[in-house]
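Chain by chain, the residues run as shown.
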Amino acid sequence: MIDLRSDTVTRPSPAMREAMAQAPVGDDVYGDDPTVKRLEARVAELLGKEDAVYMPTGSMTNQVAIRSHTESGDLVLMDAASHVVRSEGGGPAALSGVTAQRIAGDRGIFTADQVEDSLATPHAGSPTTLAPPATLLCVENTHNGGGGSIWPLETLDAVVAAGRRAGLRCHLDGARVWNASEATGVPPARYARDFDSVSVCFSKALGAPVGSALCGSAAFVRRARRFKQLFGGGFRQAGVIAAGALYALEHHRDGLADDHAKAGFLADVLVDIPGVELVREHVETNILRFRVPCRAGDFVDACLVEGVAMLVAGGRDVRAVMHRDVSMGDVERAAEVVRGVVGGRHDVNYD
Ligand SMILES: Cc1ncc(COP(=O)(O)O)c(C=O)c1O
C-alpha cells in the first residue's frame, strides 16, 4: 500500500524508537519529566517564544489556545476552510463557547482588508453591545485545506497588523510551519514572531508518533497549562513520546525538502494528464489537491484497488500528501495509477 492519505501515517524509525526507549521520564503533571521539559525548551527556542507546553494533538493545542485567549461569547476570526473550524469537532463552540467568524480565504490565505471587513464597525447611534466582541485572530500556515499553501510574509504581517489594530490577540496554527520554513528559507521564529501563540505538530511531516506544542509568553503558557489539564491532557511519563518528538525535531526537518520534491514530481505528472485539474504553482509544499473528471470517491476507490490510498477532498477533489514513508519510486507508481484510473482503464463512473 502506498499511503498518501496524510503525513500523519508515518511510523517511528528504529533510531527514533531507540531514543524513545532510552528517554529519562518523570511525572509530567508534577512538572518533572525531564524529556518533556527538554522538548518544551527546544521548541520554544526554535519558535522564538519564552515557553512551550507539550500536548497530545494539534487539535488540542489549537483548542487550548482558543480557550486561553477568549471568554465565552467572543468572536474568533479564522479562514473558512481552516483546520480549527472544519476538522476539530466543533471545538471552538463546544470548548470555548466562541463564535467563529469565517473569512473566505484564497487557498486559506486572506487579506488585511478581509480582517477589517469581518469586524463590526460601531458608529454613532449603534450600540456597541450588539455584536459579539472579536478578541482573537487565527491563521494557519501552511494551510492544509489550501493544499499546503504558504502565507507570503507581507500578507501575514499585514493581516496580523490589522488584527492588532483591532485589539485582537493572534494565534498561529503552525502544524506544518516546518514545511513553510523548508520551502521558503524563512525561519519558524520569523513566521511566529508577531503571534501571541503558536501551535506546532511533531506527528505530521516530522514523523513523530505523538504530539504537538503550544508556544508563547511564559504567562500565556502558564494559562495554557491550566486548560491542558482541564481538557484532560495531563500527561504522566510522557517523556517516552516526547523523545520521539525531540528526535523528529532534530533529525527530520532536513527531510522535508525530499517530501516537497516528491510533491513537485507528482504535480508535474498530474498537470499533463488530460482531465486532471491542478495548478502546478499551487503545489508549494507536501500536499496536493487536484480535481478529477469523475466523483472523487469513485476515483479514490479505484486507486485503492491498485494499492494507492488518497483522500476525498470534495465532490471531484482529491488530496494526496507526501511524507517520509513514501519513496520517489512509490510516487512514480502512484502517478502511473492516477494516469491509468483517469484514463478510464478502470471501472470508474464518469457521470
Ligand atoms: C493545519 C492543521 N492543524 C491542526 C491539525 C490537528 O492535528 P492533530 O491531528 O494532531 O489533532 C492538523 C491535522 O492534520 C492540521 O492539518
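Quick caveat, the model's predicted, so the values are computed rather than measured. (Residues numbered from 1 in each chain as written. Predicted model: local features only at pLDDT ≥ 70, side-chain atom pairs only at ≥ 80, totals over all residues. Heavy atoms only, no water.)

1. Describing the domain arrangement of the protein
By domain assignment, the protein separates into domain 1 (14-251) and domain 2 (255-341). Measuring from the centre of the C-alpha atoms in domain 1 to the corresponding centre in domain 2 gives 28 Å. Listed as interface residues are 17 residues of domain 1 and, on the opposing side, 12 residues of domain 2. When domain 1 packs against domain 2, close to 1300 Å² is buried across both sides, 50% of that on carbon and sulfur atoms. One can count one salt bridge joining domain 1 with domain 2. Between Arg107 and Glu284 there is a salt bridge, and its shortest N-O distance comes to 3.4 Å. Taken together, the connections running from domain 1 to domain 2 amount to eight residue pairs in polar contact (both at pLDDT 80 or more). Looking at the side of domain 1 that touches domain 2 residue by residue, the class counts come to five nonpolar, nine polar and three charged. (Domains from an automatic or database assignment. Contact = heavy atoms within 4.5 Å. Buried area = accessible area lost by both parts, 1.4 Å probe. Salt bridge = Lys/Arg side-chain N within 4 Å of Asp/Glu carboxyl O. Polar contact = N/O pair within 3.5 Å; in protein donor to acceptor, adjacent residues only side chain to side chain. Nonpolar A, V, L, I, M, F, W, Y, C, P; charged D, E, K, R; others polar.)

2. Points about the packing of helix H1 (residues 14-22) against helix H11 (residues 239-251)
Packed helices, taken two at a time, are described by their axes: the angle between them and the distance between them. Where H1 meets H11, the axes come as close as 8 Å, and the angle between the chain directions of the two elements is 135°. In terms of axis orientation, H1 runs oblique to H11. Of the two elements, H1 crosses H11, and the hand of that crossing is right-handed. In contact with Ala15, Met16, Ala19 and Met20 of H1, H11 contributes Val240, Ile241, Ala243, Gly244, Tyr247 and Ala248. Grouping the constituent residues of the contact of H1 with H11 by class yields nine nonpolar, one polar and no charged. (Axes fitted to C-alpha atoms, helices over the stretch in contact; angles between N-to-C directions. Helix = DSSP H or I, 4+ residues; strand = E, 2+ residues; numbered from the N terminus. Parallel < 35°, antiparallel > 145°, perpendicular 65-115°, else oblique. Left-handed = near helix turned anticlockwise from the far one by under 90°.)

3. Comments concerning the site of the ligand
Taken together, Thr57, Gly58, Ser59, Asn62, His83, Glu88, Glu140, Asn144, Asp173, Ala175, Arg176 and Lys204 make up the full set of residues near the ligand. At 2.8 Å, a backbone N or O of Gly58 approaches an oxygen atom of the ligand. In the complex, the protein chains occlude 85% of the 390 Å² of accessible area that the ligand would expose alone. If one sorts the elements of the shell around the ligand by residue count, helix H3 (residues 58-69) sits on top with three residues. (Near = heavy atom within 4 Å. Areas by Shrake-Rupley, 256 points an atom, 1.4 Å probe, with all protein chains shown as cover.)

4. A short note on the sheet that holds strand S8 (residues 212-216)
Read from one edge to the other, the open sheet built from seven strands follows the order S2-S8-S7-S6-S5-S3-S4, with strand pairing classed as mixed. Every interior strand has two partners, whereas the edge strands, strand S2 (51-55) and strand S4 (99-103), have only one. Taking the axes of each pair of neighbouring strands and ignoring which way they run, one obtains an average angle of 20° across the sheet. Here five bridges tie strand S5 (residues 134-140) to strand S6 (residues 169-174), and the two strands are oriented parallel to one another. Among the inter-strand pairings, Cys138 is bridged to a residue of S6, identified as His171. (Pairing = 2+ DSSP bridges.)

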